[in-house]
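Working through the structure, step by step
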Amino acid sequence: MNLILYVWRQKGPKDKGKLVQYEAKGISPDMSFLEMLDTVNQGLVKKGEEPIAFDSDCREGICGMCGTVVNGVPHGPKEKTTTCQLHMRNYRDGDRIYIEPFRAKAFPVIRDLIVDRGSLDKIIQSGGY
């Protein structure tokens, strides 16, 4: 599949940030959403461009690090599915996909799709989840 991505790019917490258009070419429907971003990043690095910053850890749908907003929906279109478990088969060739960080005062953007989850981490560590 070939897709058009609009990805939130922000160099730091004090920068304004904006959506930047990228092409994702040759994407397999069997890839996860994060594998698709990895593929896009490989292409950016080959061109000498800055890769898209995003969080991921387990890539098994357990840790919650991969949270993004996809087309205005937290984690994407598939209910009860984390971004890392969302597969590209949920999209069609030629689709336009908007990818943004969570927008909440408690989770300020650090860079691109990465937010400061410190507030949530403190609650979890205290046993207050």
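Rules and cut-offs
Residues numbered from 1 in each chain as written. Predicted model: local features only at pLDDT ≥ 70, side-chain atom pairs only at ≥ 80, totals over all residues. Heavy atoms only, no water. Pairing = 2+ DSSP bridges. Helix = DSSP H or I, 4+ residues; strand = E, 2+ residues; numbered from the N terminus. Contact = heavy atoms within 4.5 Å. Axes fitted to C-alpha atoms, helices over the stretch in contact; angles between N-to-C directions. 1 Å grid on protein atoms, 1.4 Å probe; cavity = no way out; pocket = protein on both sides within 12 Å on 5 of 7 lines; lining within 4 Å. Points joined across faces, edges and corners; volume = space filled by probe spheres on them.

Another aspect to go through is the sheet that holds strand β5 (residues 96–100). Pairing is mixed in the open sheet, where 5 strands are placed in the order β2-β1-β5-β3-β4. Two strands close off the open sheet at either side, each with one partner strand: β2 (18–24) and β4 (73–74). Direction of pairing for strand β3 (residues 69–70) relative to β4: antiparallel, over a ladder of 2 bridges. Across the sheet, V69 pairs through a bridge with P74, a residue of β4. Where helix α1 (residues 33–46) meets the sheet, its contacts fall on β1 (3–9), β2, β3 and β5, and the angle it forms with β2 comes to roughly 90°.

A complete count under the given rule lists 1 cavity of 30 Å³ or more for this structure. One number sums up the size of the largest cavity: a volume of about 30 Å³.

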